[in-house]
Amino acid sequence: GVNDQGLFYAGYTTPKLNVKFDPTKPLLLEEPFFYFLEKFSTIDEVFDYLKGYNLWLTNFIGLNTNQYFFVDRTGNSVIFEGDDIIYKEGDFQVVTNFLQSHPELGGYPCSRYERAVSMLQNMSVISVDYFKNIANATHQEKILVPTQYSLICDLKNNIVYLYHFHNYENVIVLDMEEEFKKGEQRIYLPSLFEPTNNQPPNTPNPPLCPPSGKIRKKCYFKVEN
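Caption draft 1: Here's a closer look at the sheet that holds strand β7 (residues 172-175). The strand order across the open sheet built from three strands is β5-β6-β7, with neighbouring strands paired in antiparallel fashion. Of all the strands in the sheet, just β5 (149-154) and β7 have a single pairing partner and so form its edges. The sheet shows a mean angle of 20° between the axes of neighbouring strands, taken without regard to direction. Note: β5 against strand β6 (residues 159-164), six bridges, orientation antiparallel. Its bridge partner being in β6, L151 is matched across the sheet by L162.

Here is the structure:
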C-alpha cells in the first residue's frame, strides 16, 4: 500500500514467530493498515501507534506469520517482526521471506536476499532501470506461487512503476496523485497489460439439433456459421 503522503508498506510471509503477551496494554483487535495509510505519513507515527498496543492477538494483522516493511518519503524504513523492530542501517534495507531477528526459524540463507544486497552495494547511480534489474534478478518462477507482479515506488514524487508477472520490458507508470483524485476504485492488475487491440474470440452459433432424444439412439447435430 502507498498513500498520498509517501508512506509505503508491504507484508511478507515468514516462519511462525510467537508474539509476547503484554497485560499492561490493550489488545489490537482491528486491521490497522488502512488506518495507517489514511492518517500517517512517517514510520515514526506507525511505531508510536503500535507500541501502545498488546500485539499478542495478531490474527488480524498476521504478525505471527508475517513481517511488515514500512518506508516513508524521507527515506526512513523499518521492519516489524512480531515484537522485534529492525531499523535501517546504512543506505538501504532489504526484506525477503525470513525473520532477520530469528533466521534460525527457517528461510535463511536466502539467495534472493543476498543477491539484492550485493546489487545495492554495487549501485553507483539510483535509477528505476537499476531497481528493475534487481527485481528481475530476484523474481521467482519455479515455485508454487511465482512472482505475480513487481513494483518500484518513487515515494517523493508518488510515481509507481508496475510490472506484471516477470516481464520487465513492459511497464505501466501510475501517477498516484492522479489515481487518488479518481476516488475509490478497484483495478484487476493483469487488465492493465492487455493489448489495446485485444478482442474476445468469435462465438459460433449454437448447433441445430432436436430438443430431446432417446437412450442408445443416434442424434445428429448441425452447426451453421
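Caption draft 2: Spatial organisation of the pattern of salt bridges. Applying the stated criterion to the full structure yields five salt bridges. The residue K132 makes a salt bridge to D129 at a minimum N-O spacing of 3.9 Å. Taken together, the residues span about one helical turn, with K132 and D129 both in helix α4 (residues 128-138) at a distance of three residues. When the shortest N-O distance is used, the salt bridge between K182 and E179 registers 3.2 Å. For K182, a relative accessible area of 54% puts it in the exposed group. For E179, a relative accessible area of 15% corresponds to the buried category.

Analysis parameters
- Residues numbered from 1 in each chain as written.
- Predicted model: local features only at pLDDT ≥ 70, side-chain atom pairs only at ≥ 80, totals over all residues.
- Heavy atoms only, no water.
- Pairing = 2+ DSSP bridges.
- Helix = DSSP H or I, 4+ residues; strand = E, 2+ residues; numbered from the N terminus.
- Axes fitted to C-alpha atoms, helices over the stretch in contact; angles between N-to-C directions.
- Salt bridge = Lys/Arg side-chain N within 4 Å of Asp/Glu carboxyl O.
- Buried < 20%, exposed > 50% of the residue type's maximum accessible area, 1.4 Å probe, protein only.

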